[in-house]
Amino acid sequence: MEKDKLIAIIEALIFASDKPLKTRYIEQVMSIVDLGNLTVGTLIEELKGIYTMGNRGIELVEVAEGWQFRTKPGLAEWIKRLNTVKPSKLSMPALETLAIIAYRQPITRAEIEYVRGVDSGAVLKTLIDRRLIKIIGKKELPGRPLVYGTTQEFLEVFSLKDISALPNLDDIKQMSSSETELERNQTELPLPATEPTDEE
Amino acid sequence: MEKDKLIAIIEALIFASDKPLKTRYIEQVMSIVDLGNLTVGTLIEELKGIYTMGNRGIELVEVAEGWQFRTKPGLAEWIKRLNTVKPSKLSMPALETLAIIAYRQPITRAEIEYVRGVDSGAVLKTLIDRRLIKIIGKKELPGRPLVYGTTQEFLEVFSLKDISALPNLDDIKQMSSSETELERNQTELPLPATEPTDEE
Amino acid sequence: MDTVPVQQDYRVRLEIFEGPLDLLLFLIRKNELDIYDIPISFITEQYISYLAMMRELNVELASEFLVIAATLLEIKARMLIPTPVEQEEDIEDPMQELTNRLLEYQLFKNAGMQMNNLNMLYRDTFIKGIQEDLKSESTSPNIEADVYDLLVAFKSILDRAKDEQIAYMTVERISVAQRINDIMERISLVKSISFDSLLPEDYTKMDVVVTILAVLELLRLRMLRCEQKEPFGTIWLYVHE
């Protein structure tokens, strides 16, 4: 195999790995090809050189555990700017919590956690910070727990006229199939015209 | 600012973004520098060229209306050897249902089932869980049924620039049916021996 | 009728049909028929023999297979009875409808296969492995989400709740603190009570554990005292004077 091709493979491996990639893992992957008088180490150095030469935005660095592509330190300010420009998505836990509050408000933290089954303090804080929910009062219960509800910003973000414009929960029924494919395939159905099949 | 520096910034921005990065967000970030007679679009093309030239393991592609670095398709086998990545596969029923939704969106569940001829609740659930489709609204019909459409993730998974980049349906119509039946012909089925008897 | 020996591999092969339209398309192709000019008697016969054979091989069939069988039989019947000319225009042609459905189904089946040839993420191509330490957190005030995301999120919670509800109910029902209150309330009326009678009628392991914990706590706080007259005998609880 040509040297360029070998370098390309290593580049793809390091890029796709979700952790810094150890040289010996690369060696394992490459063990099925004959490297001739080359070594994985020298190939990595050459790949590193490709990024070092020229004015590039990313570089190949050796961190404690292995090799990793990173953006050049000098460009951090630009990436920070990007994060203020790009709209963000809500995480699944955030969406879930927001859904519970939207449909069940006013609701206490204990009630939210009962439904979700997990501690929800951090996600509530995120939603408050993003001004999607707020404390709307206290409940007449021992300890007078705080109750949460959605905000005006929530309606704006989700383009809702008012809270009653949320999709009807009955629609959920449409989404779940009455019979799943699995169940149906297990159901024996009588056939027309071929009545006596099973009997002798 | 020098052109090389501008390209390096764009490279870092695209690399740092978890999702395909839209040109307009790059433009917003770059709005504080004078690009002279250059545009973000031409700079991206030049960056793309850097990766196209030479035998590189990654490339810059336009997917889901944004820019993203991806490994070259020919290298997939090597990356799978790392065992850190989840392989992705869709069943024939899932692909078929996805095709109906992709080309006919917005579409109701009943419409999908009419085309396929079978209950599609389970397969719709799978596609929603994999975030390839989502509910995009309701139809002005009795019962206000939910309508489905493809997601951003759908474009990302199938490496499509936008929904119009799907294979042309008219071209598919032209395809001879025999070539699509290749796999099925491998499975020989025992058929009742009946001769065509229709008079007319 | 002789039973056809059931062979595993037949089973597997026959399940490649996704539905009745898929089966019809297969039969059309298998017999090299023209999709625009399907000989109805022949295809109906083939289709029904097929269903019968699947049944003999113990392949479970979806009800939709039978719906299409009925449609085929209806079309066949209509063709045998000449329709009066003046009626013909109002009546939609079921044969035409079936042909259109087959053509459309075939089209999307092929489209699905074409899509399978595209460069698929995590099969043909890979994106940057997302490293936790490099993950960028957007600080933008803008949020990308719509109300249907909320609806789906709510549904996923409901689905999960179905499995977990029971566990929560149990915990809720028998908190130790609550049981302590129950016991003190009951015993204050009768002065003495047997341990067994503290348990609810259809008690669970959890009820027993919580009750024991409650009693132990009350003993520790010297609010109760207990007596057992003989080994394995009834445990009696009294209010501590």
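For clarity, every value in this text was computed on a predicted model and none was experimentally measured.

This part takes up the overall build of chain A. The number of helices and strands found in chain A is 10 helices and 6 strands. Across the 200 residues that make up chain A, the buried fraction comes to 42%. Contacts in chain A between residues far apart in sequence, at least 24 positions, make up 42% of those at least 6 positions apart. Accessible surface, chain A as shown: approximately 10800 Å² in total, 53% of it carbon and sulfur.

What follows covers helix H2 (residues 23-30) of chain B. Where H2(B) is concerned, the buried positions are Tyr25(B), Ile26(B), Val29(B) and Met30(B). For H2(B), the angular spread of the buried residues around the axis is 135°, confining them to a single face. Packing partners of the buried residues in H2(B) comprise helix H4 (76-85) of chain A, helix H1 (3-16) and helix H3 (40-52) of chain B together with strand S1 (143-144) of chain C.

Further remarks concern the sheet that holds strand S6 (residues 146-150) of chain A. Residues and elements named next belong to chain A. The 3 strands are arranged S4-S6-S5 in an open sheet whose pairing can be described as antiparallel. The open sheet terminates on both sides in strands that have one partner only, identified here as strand S4 (107-108) and strand S5 (133-138). Where S4 meets S6, 2 bridges bridge the pair, whose relative direction is antiparallel. Counted as the bridge partner of threonine 108 is valine 147 from S6.

All names here are of chain A. At their nearest, the axes of helix H5 (residues 92-104) and helix H6 (residues 109-116) sit 10 Å apart, and the two run at 120° to each other. As summarised for this structure, H5 and H6 are arranged oblique, according to the angle between their axes. Relative to H6, H5 is oriented so that their crossing is right-handed. In contact with Pro93, Glu96, Thr97, Ile100 and Ile101 of H5, H6 contributes Ile112, Val115 and Arg116. Taken together, the residues that form the contact of H5 with H6 break down as 5 nonpolar, 1 polar and 2 charged.

Residue and element names in this part refer to chain A. With respect to the helices and strands, threonine 108 occurs in strand S4. Take threonine 108: its relative accessible area is 3%, and that puts it in the buried class. Look past the residues within four positions of threonine 108 in its chain and what remains in contact with it is Lys139, Pro145, Leu146, Val147 and Tyr148.

For chain A, the domain assignment lists domain 1 (3-81) and domain 2 (92-157). A C-alpha centroid distance of 45 Å is found between domain 1 of chain A and domain 2 of chain A.

All names here are of chain B. Examined bridge by bridge, strand S1 (residues 58-63) and strand S2 (residues 66-71) share 6 bridges and lie antiparallel to one another. Each bridged residue has a counterpart across the sheet, and for leucine 60 the counterpart in S2 is phenylalanine 69. Linkage of S1 to S2, two consecutive antiparallel strands, is achieved through a turn of 2 residues, within which alanine 64 is found at a positive phi near 45°.

Within this structure, the stated rule accounts for 8 aromatic pairs over all chains. Ring plane angle 55° and centroid distance 6.5 Å describe the contact between Phe15(A) and Phe15(B), whose orientation is recorded as tilted. Of the two residues, Phe15(A) sits in helix H1 (residues 3-16) while Phe15(B) sits in helix H1, which places them in two different chains. Using a relative accessible area of 2% as the deciding quantity, one classes Phe15(A) as buried. Ring geometry for Tyr51(A) and Phe69(A): centres 4.9 Å apart, planes at 55°, overall tilted. Linking Tyr51(A) in helix H3 (residues 40-52) with Phe69(A) in strand S2 (residues 66-71), this pair joins segments that are 18 residues apart in sequence. On the basis of relative accessible area, Tyr51(A) is assigned to the buried category, the value being 1%.

Conventions and cut-offs
- Residues numbered from 1 in each chain as written.
- Chains lettered and ligands numbered in written order.
- Predicted model: local features only at pLDDT ≥ 70, side-chain atom pairs only at ≥ 80, totals over all residues.
- Heavy atoms only, no water.
- Helix = DSSP H or I, 4+ residues; strand = E, 2+ residues; numbered from the N terminus.
- Buried < 20%, exposed > 50% of the residue type's maximum accessible area, 1.4 Å probe, protein only.
- Contact = heavy atoms within 4.5 Å.
- Areas by Shrake-Rupley, 256 points an atom, 1.4 Å probe, with all protein chains shown as cover.
- Arc of directions from axis to C-beta.
- Pairing = 2+ DSSP bridges.
- Axes fitted to C-alpha atoms, helices over the stretch in contact; angles between N-to-C directions.
- Parallel < 35°, antiparallel > 145°, perpendicular 65-115°, else oblique.
- Left-handed = near helix turned anticlockwise from the far one by under 90°.
- Nonpolar A, V, L, I, M, F, W, Y, C, P; charged D, E, K, R; others polar.
- Domains from an automatic or database assignment.
- Phe/Tyr/Trp six-rings, centres within 6.5 Å; stacked < 30°, edge-to-face > 60°.

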